[in-house]
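# Topology and contacts: notes
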Amino acid sequence: MTNPSERQITGNTRIFGIVADPIYHVKTPQVMNANFARLGIDAVLIPIHVKPEGLAAVVAGLASMENFGGLIATVPHKPEIINLCDEVTGEARHIGAVNCIRRDPDGRMVGAMLDGTGFVEALKTVTGFDPQGKSAFVAGAGGAASAIAFALAKAGVTRLTIANRTEAKAQELSARIRAVYPAITISTDATTVADHELVANGTSLGMKETDAPPVDFDQLHADQVVGDAIMQPEMTPLLRAAQARGCRIQLGKPMLECQIELMIRHFNILPQ
Ligand SMILES: NC(=O)c1ccc[n+]([C@@H]2O[C@H](COP(=O)([O-])OP(=O)(O)OC[C@H]3O[C@@H](n4cnc5c(N)ncnc54)[C@H](OP(=O)(O)O)[C@@H]3O)[C@@H](O)[C@H]2O)c1
């Protein structure tokens, strides 16, 4: 373990990065660098501000850097960067996005999508909820919701509802999940919130106080676990409504915190 203030970047330090546009809001450099120090890993993660039109050139450049270890991708790059990887995990291919890329010693870029696994890991550790054999309602069909829905399917839910403003996107996501997990009963009926053991918000509704509710709050009840992907604010209107009805709740931050460990594992840099 190293005191972060005593860490020095030397000629041996491996470089990692996070690509985003804009970049100012990212918290990963602080969190990841603290973890590198805690785990005694000689590495540094830096913010890399790149616009969509520059992404391919940046990734090609990083792949040719011998001391580059890997890359985290966030908005808006997660769907595009998958096409710049040499190899991606099966889960990332199903979801159609990548948020963590390891650079192997031969320069190959290996992508994974860890958003959804982070959500499920956080569920298990924070609320004690194991999706195996349970039913889940996922609001949204964008990047976060797709990752959460696929991770819940992988974790063993038997019934899944995907509800989205743009119904066609919910149908399309349902079809993709059904193709991989044919045994799961999947619906897109937004009116069935009360019939599920887990309610997850993967939409951006709740970032502003004035946003419409992502699900019908009146259907929440104390037997449910309710999770939100949104990190800012910490307590979204959904989580406040769920808490008021006696539900167990999961904030957005643990979803990211659990991913940090998964990212370090994907980077393959844990000391032996
Ligand atoms: N905690 C974490 O680790 C983590 C990781 C990833 C993302 N997130 C958070 O998850 C949230 C979603 O991000 P994302 O990347 O998935 O975004 P995205 O791909 O743009 O998807 C946005 C989703 O929200 C829905 N939506 C947006 N505005 C809406 C409105 N006015 N009414 C109804 N539905 C609306 C969209 O529906 P349509 O399809 O109809 O447009 C879509 O389903 C963000 O708050 C993000 O910060 C958190």
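Residues numbered from 1 in each chain as written. Predicted model: local features only at pLDDT ≥ 70, side-chain atom pairs only at ≥ 80, totals over all residues. Heavy atoms only, no water.

### Notes on the packing of aromatic side chains
The criterion, for reference: Note on aromatic contacts: the rings of Phe and Tyr and the six-membered ring of Trp form a pair at centre separations within 6.5 Å, being stacked when their planes are under 30 degrees apart, edge-to-face when over 60 apart, and tilted otherwise. Numbering of helices and strands runs from the N terminus, with a helix taken as a DSSP run of H or I at least four residues long and a strand as a DSSP run of E at least two residues long. Classification of residues uses two cut-offs on accessible area relative to the type maximum, computed with a 1.4 Å probe and protein chains only: under 20% is buried, over 50% is exposed, and between them is partly exposed. Here, a charge over a ring means that NZ of Lys or CZ of Arg falls within 6 Å of the ring centre while also lying within 35 degrees of the ring normal.
Overall, the coordinates contain two aromatic pairs when judged by the stated rule. Where F16 meets F267, the ring centres are 4.7 Å apart and the plane angle is 50°; that geometry is what we call tilted. Of this pair, F16 sits in strand 1 (residues 14–20) while F267 sits in helix 9 (residues 253–267), placing them 251 residues apart in sequence. The burial state of F16 is the same as that of F267; both residues are buried. Through pairs of rings, three or more aromatic residues link up here, namely F16, F36 and F267. The ring centre of F129 lies 5.0 Å from the NZ or CZ of K134, which sits over that ring.

### Some details on the site of the ligand
How we decide: Here, proximity means that at least one heavy atom of the residue falls within 4 Å of the molecule or strand. Under this definition, polar contacts are N or O atom pairs within 3.5 Å; protein pairs additionally need one hydrogen-donor-capable and one acceptor-capable atom, and for neighbouring residues in sequence, both atoms have to be side-chain atoms. Computed with the Shrake-Rupley method and a 1.4 Å probe, the accessible areas treat only the protein chains shown as cover for residues.
Close to the ligand lie 23 residues, the nearest being A144, N164, R165, T166 and K169. In the environment of the ligand, an oxygen atom lies 3.3 Å from a nitrogen or oxygen atom belonging to the backbone of S204. When the ligand is considered free in solution it has 920 Å² of accessible area, and contact with the protein chains removes 74% of it. Residue assignment for the shell around the ligand shows that the elements contributing at least two residues are helix 6 (143–154) and helix 9.

### Topic: the domain arrangement of the protein
Rules: An automatic or database domain assignment supplies the residue ranges for each domain. Contacts are assigned to residue pairs that have any heavy atoms within 4.5 Å of one another. In this description, buried area is defined as the sum, over both parts, of the accessible area (probe of 1.4 Å) that is lost when the two are combined. Salt bridge, as applied in this entry: a Lys or Arg side-chain nitrogen positioned within 4 Å of an Asp or Glu carboxyl oxygen. Residues are grouped as follows: nonpolar covers Ala, Val, Leu, Ile, Met, Phe, Trp, Tyr, Cys and Pro; charged covers Asp, Glu, Lys and Arg; every other residue, Gly included, is treated as polar.
Once the domains are mapped, the protein shows domain 1 (4–113) and domain 2 (116–255). Computed over C-alpha atoms only, the centres of domain 1 and domain 2 are separated by 27 Å. Listed per partner, the contact involves five residues of domain 1 and eight residues of domain 2. Interface of domain 1 and domain 2: buried area, both sides summed, is about 580 Å²; carbon and sulfur atoms make up 55% of it. One can count one salt bridge joining domain 1 with domain 2. Notably, a salt bridge pairs K154 with E91, separated by 3.6 Å at the nearest N-O pair. Summed over the shared surface of domain 1 and domain 2, the number is two residue pairs in polar contact (both at pLDDT 80 or more). When the residues that make up the side of domain 1 that touches domain 2 are grouped by side-chain class, the tally is two nonpolar, two polar and one charged.

### Let's talk about the packing of helix 1 (residues 28–39) against helix 9
Spelled out, the test is: With axes taken as lines fitted to C-alpha atoms, and helix axes fitted only over the stretch in contact, angles between N-to-C directions fall between 0 and 180 degrees. The sense of a crossing depends on the near helix, which, turned anticlockwise from the far helix by less than a right angle, makes the crossing left-handed and, turned clockwise, makes it right-handed.
Their axes nearest at 11 Å, the elements helix 1 and helix 9 cross at an angle of 65°. Our pair here, helix 1 against helix 9, has a crossing hand that is right-handed. Residues T28, V31, M32, N35 and L39 of helix 1 form the contact with helix 9, whose participating residues are I260, M263, I264 and F267. For the contact of helix 1 with helix 9, the class distribution of residues is seven nonpolar, two polar and no charged.

### Things to note about the UniProt feature "domain: Shikimate dehydrogenase substrate binding N-terminal" (unreviewed entry) in the protein
Put simply, the rule is: UniProt positions are given in the numbering used here, feature names are shortened, and annotations may be inferred rather than shown by experiment.
Following the UniProt record, the feature "domain: Shikimate dehydrogenase substrate binding N-terminal" (unreviewed entry) maps to residues 18–101 here. What you have in residues 18–101 is 37% helix and 24% strand, and the ends, taken at the C-alpha atoms, are 10 Å apart.

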